[in-house]
Amino acid sequence: MFRALLLARCLTRCPPPRPPPHPLPRPPPPRRGLRSQAGAAALPLWGRVAVAAGAAAAVGAGWLYLREERARRRRARRRAELRALALGQGDFALLDQEGRRRSKADFRGQWVLLYFGFTHCPDICPEELGKLSRAVALLEREPGLPPVQPLFITVDPERDDVAALGRYVRDFHPRLLGLTGSPEEVRAAGSAYRVYASTGPKDEDGDYLVDHTVLIYLLGPDGLFLDYYGRSKTDVQIAQSVRRHMETYEPLLD
């Protein structure tokens, strides 16, 4: 009886535990196949390499296009400047080392490397004509390039007659042509390319020097000035420049 009373009191005083007002959320069940889905979405190694290579090729192609576009614009500006300058227009009539009359029309359609100087020049003219001759020889070794005519016009017609030119040019390129004429004819030829020439005072032996422009001119097939090369340019650099002009040539005058 005592045990029954104690049990009744316990049941009366100790009600059963109540559930929580808000049930706790259950953790979501594990998703099956997650690893397989991620693996299916990722590209294999060769695919990633192909994508990277394609992106690099696109960037490289864009860079090459921009570089070519800049080069094209530079050529267009250069062509406009040369067209406005238009050095070498007009004609000349001079004698070569064989005594034959030569005019500018004889060289139309040819590439020409032209130098103005004089046969009594002690050092600069021989050096520049030697460099010009070597540049022409370098270009001759490249198959497919049009020939370049080396040309020498004197600025000292008083001493550089036909015979003097014949003796002088044989020391350089075998196709080098030397041209001379009357003082008026020589002056007109030099003026067409804005060549400066001034005769110095004579010494006791009657010898003198001529101060003149020291440049090698590149003439295109239309006979007009395209480029020039000073003393600092080597024969290799001149040949490389001429080759580039040949590859991109457009007539200056329509």
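This text follows the structure it describes.
Residues numbered from 1 in each chain as written. Predicted model: local features only at pLDDT ≥ 70, side-chain atom pairs only at ≥ 80, totals over all residues. Heavy atoms only, no water.

Peer 1: Let's hear about the pairing of strand S4 (residues 148–154): which residues, and what values?
Peer 2: The buried fraction of S4 amounts to seven of the seven residues, a majority that puts the element mostly inside the structure. Of the two faces of S4, both are covered, the one formed by Val148, Pro150, Phe152 and Thr154 as well as the one formed by Gln149, Leu151 and Ile153. When strand S3 (residues 111–117) meets S4, the two strands line up parallel, connected through seven bridges. Bridge pairing in S4 places Gly117 opposite Thr154. Read as a crossover between parallel neighbours, the route from S3 over helix H4 (residues 124–140) to S4 is right-handed. The sheet contact formed by S4 and strand S5 (residues 177–179) spans three bridges and is parallel. The residue of S5 that forms the bridge with Ile153 is Leu179. (Buried < 20%, exposed > 50% of the residue type's maximum accessible area, 1.4 Å probe, protein only. Helix = DSSP H or I, 4+ residues; strand = E, 2+ residues; numbered from the N terminus. Pairing = 2+ DSSP bridges. Right-handed = clockwise from strand over helix to strand, strands pointing away.)

Peer 1: Which residues make up the packing of H4 against helix H7 (residues 235–248), and what values go with them?
Peer 2: Interaxial distance between H4 and H7 falls to 8 Å at its minimum, and their mutual angle equals 50 degrees. The pairing of H4 with H7 is recorded here as oblique in orientation. H4 and H7 meet at a crossing whose hand is right-handed. Residues Lys131, Arg134, Ala135, Leu138 and Leu139 of H4 touch H7, and the partners they reach there are Asp235, Val236, Ile238, Ala239, Val242 and Arg243. Taken together, the residues of the contact of H4 with H7 break down into seven nonpolar, no polar and four charged. (Axes fitted to C-alpha atoms, helices over the stretch in contact; angles between N-to-C directions. Parallel < 35°, antiparallel > 145°, perpendicular 65-115°, else oblique. Left-handed = near helix turned anticlockwise from the far one by under 90°. Contact = heavy atoms within 4.5 Å. Nonpolar A, V, L, I, M, F, W, Y, C, P; charged D, E, K, R; others polar.)

Peer 1: Can you tell me about the sheet that holds strand S9 (residues 225–229), naming the residues and giving the values?
Peer 2: Read across the open sheet, the five strands follow the order S5-S4-S3-S8-S9; overall the sheet is mixed. The open sheet has two free edges, formed respectively by S5 and S9, since each of these has just one partner strand. Within the sheet, the average angular offset between the axes of one strand and its neighbour, ignoring direction, is 25 degrees. Along the sheet, H4 makes contact with S3, S4 and strand S8 (216–219), crossing S3 at roughly 170 degrees.

Peer 1: Would you mind going over the packing of aromatic side chains in detail, with residue names and values included?
Peer 2: Scanning the entire structure with this criterion turns up eight aromatic pairs. Ring centres of Tyr193 and Tyr217 lie 5.9 Å apart, and the angle between their planes is 50 degrees; this geometry places the pair in the tilted category. Of this pair, Tyr193 sits in the loop between helix H6 (183–192) and strand S6 (197–199) while Tyr217 sits in strand S8, and the two are 24 residues apart along the sequence. The exposure class assigned to Tyr193 is buried, which follows from its relative accessible area of 3%. A connected cluster of aromatic rings, assembled from ring pairs, spans Phe116, Tyr193, Tyr217, Phe225 and Tyr228. The positively charged end of Arg159 is found above the aromatic ring belonging to Tyr208, 3.6 Å away from the centroid. (Phe/Tyr/Trp six-rings, centres within 6.5 Å; stacked < 30°, edge-to-face > 60°. Lys NZ or Arg CZ within 6 Å of the ring centre and 35° of its normal.)

Peer 1: Quick one: what's the story with the pairing of S9, residue by residue and with numbers?
Peer 2: For S9, the buried fraction is high: four of the five residues fall into the buried class. The sheet contact formed by S8 and S9 spans four bridges and is antiparallel. When the sheet's bridge partners are listed, Leu219 is paired in S9 with Phe225.

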